[in-house]
Structure formats: C-alpha cells, structure tokens
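Spelled out, the chains give:
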Amino acid sequence: MRSKLRWGDFVIAGVVLAIAAAVALVLALGQDSGQLYAEVWQDNTLVERVALDSATDRTIDLDGHNIIVLSGKTAAIQSADCNDQVCVRTGTLTRAGQVAVCLPNRVVLRLTGETDGIDAIVS
C-alpha cells in the first residue's frame with residue numbers, strides 16, 4: 001500500500017514549523033541583557049567583584065596559584081597550579097549562574113546578574 005501526502009499534511013507540517021520558529025524567536029529575544037558581574041572568591045571570602053561589559057579587559061592573579069582573565073562579557077580561569085586542571089578545562093563563562101571552581105586552591109569564579117538562577121524557559 002502506498003501512502004500519499006495530502007494537502008492537510010502540509011498544513012500540519014507548516015503549523016508545527018511556524019510554532020517552532022516562534023518559540024525559537026521568543027527564546028532568542030527573551031535573553032536579558034542586564035548587567036553581568038564576575039565574582040572571585042577564595043577561602044569563602046569575596047576577593048573581587050567586577051562589572052563585565054564589552055570594554056572589560058582584566059587579569060586577576062591570585063598569588064600565582066590561579067590566573068583569571070576577564071575579557072568583554074566573559075570570564076575564565078586561564079591557569080592554575082593544581083594537578084587536575086578541572087577549573088581551566090571548564091572553559092569560558094558567558095552567562096549569569098555559570099561557575100568555575102578550583103577545589104585544591106579553594107577558588108570560585110562565578111558570574112552573577114539579573115538573570116541569575118532562572119533559565120530562559122521559566123522566565
């Protein structure tokens with residue numbers, strides 16, 4: 001038996017694609033462009049809080065143990081003297097709520113902002 005597509009099948013496919021495009025557009029435009037901050041914690045003490053914007057270009061050296069690079073609206077732990085290098089391999093943080101942690105040196109790099117703690121679907 002051979003199945004043939006009918007005009008109703010194309011209408012259903014078109015409606016599904018239109019809904020998918022609308023949801024993608026809402027999620028893309030719904031991103032909050034509020035202020036973003038990088039917080040550097042060491043031994044449960046806030047070492048520094050830096051407002052990130054497109055002109056940010058800063059390097060923070062924590063006694064040679066960790067080097068944190070803030071560039072534009074991104075932050076990353078560039079190098080660490082610990083053996084596992086998990087904090088370095090975490091990569092670049094770009095959104096509020098993301099965290100990079102160096103457990104051996106007790107260093108936490110965290111991005112905070114107005115969208116902290118809420119994902120795009122909930123908001």
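Here we summarise the structure given alongside this text. (Residues numbered from 1 in each chain as written. Predicted model: local features only at pLDDT ≥ 70, side-chain atom pairs only at ≥ 80, totals over all residues. Heavy atoms only, no water.)

Describing the overall build of the protein
Spelled out, the test is: Helical segments are the DSSP runs of H or I of at least four residues, strand segments are the runs of E of at least two, and each set is numbered from the N terminus. We call two residues in contact when some of their heavy atoms are within 4.5 Å. Here the Shrake-Rupley method, with its probe set to 1.4 Å, supplies the accessible areas, and only the displayed protein chains count as covering residues.
A count of helical and extended segments in the protein gives 2 helices and 7 strands. Once local pairs closer than 6 in sequence are excluded, the contacts in the protein between residues at least 24 apart make up 29%. A total accessible area of about 8,500 Å² is found for the protein, and carbon and sulfur atoms account for 56% of it.

Quick notes on a nonpolar patch on the surface
For the record, the criterion: Patches draw on residues past 30% relative accessible area with no salt bridge. Two like charges within 9 Å are joined, as are two nonpolar side chains (Val, Leu, Ile, Met, Phe, Trp, Tyr) within 5 Å. Salt bridges, as used here, are contacts in which a Lys or Arg side-chain nitrogen is within 4 Å of a carboxyl oxygen on Asp or Glu. Relative accessible area decides the class of each residue, using a 1.4 Å probe on protein chains only: under 20% of the type maximum gives buried, over 50% gives exposed, and in between gives partly exposed.
A contiguous nonpolar patch, built from Trp7, Val11, Val15, Ile19, Val23 and Leu27 and spanning about 600 Å² of accessible area, is present on the exposed surface. By secondary structure assignment, the location of Trp7 is in helix H1 (residues 7-29). What makes Trp7 exposed here is its relative accessible area of 70%.

What about the sheet that holds strand S3 (residues 57-62)?
To keep it simple, the criterion reads: A pair of strands is treated as paired once DSSP finds two or more bridges between them. Here an axis means a line fitted to C-alpha atoms, over the contact stretch when the element is a helix, while the angle between two N-to-C directions is reported on a 0 to 180 degree scale.
Read from one edge of the open sheet, 3 strands run S3-S4-S5, paired in antiparallel fashion. The open sheet has two edge strands with one neighbour each: S3 and strand S5 (74-80). On average, each strand axis in the sheet is tilted by 20 degrees relative to the strand beside it, whichever way the strands run. Note that S3 and strand S4 (residues 66-71) share 6 bridges and pair antiparallel.

Focus: the side chain of Asn105
Heads up, the rule is: Polar contacts here mean pairs of N or O atoms no more than 3.5 Å apart (in protein, one a potential hydrogen donor and the other a potential acceptor; neighbouring residues in sequence count only if both atoms are side-chain atoms).
With respect to the helices, strands and loops of the structure, Asn105 is situated in the loop between strand S6 (99-102) and strand S7 (107-113). Residue class for Asn105 comes out buried when judged on its relative accessible area of 16%. A distance of 3.0 Å separates the side chain of Asn105 from the side chain of Asn66, its partner in a polar contact.

Points about the nonpolar core
Let me state the cut-off plainly: Put simply, a nonpolar core is a bunch of buried Ala, Val, Leu, Ile, Met, Phe, Trp, Tyr and Cys residues held in one set by side-chain atoms that sit within 4.5 Å of each other.
Counting residues in each nonpolar core, the largest one holds 21 residues, and the members touching the most others are Ala38, Ile68, Leu70, Leu109 and Leu111. Those elements giving two or more residues to this core turn out to be strand S1 (36-42), strand S2 (45-52), S3, S4, S5, S6 and S7. Aside from chain neighbours lying at most four places away, what touches Leu109 is Ala38, Glu39, Val40, Ile68, Ala75, Ala76, Ile77, Leu93, Gln98, Val99 and Ala100.

Describing the packing of aromatic side chains
The condition that has to hold: Pairing of aromatic side chains requires ring centres within 6.5 Å, counting the rings of Phe and Tyr and the six-membered ring of Trp. Pairs whose planes differ by under 30 degrees are stacked, by over 60 edge-to-face, and all others tilted. Comment: the charge-over-ring label is applied if NZ (Lys) or CZ (Arg) is within 6 Å of the ring centre and within 35 degrees of the ring normal.
Following the criterion strictly, the structure yields 0 aromatic pairs and no others. A cation over an aromatic ring shows up here: Arg49 above the ring of Tyr37, its NZ or CZ 3.9 Å from the ring centre.

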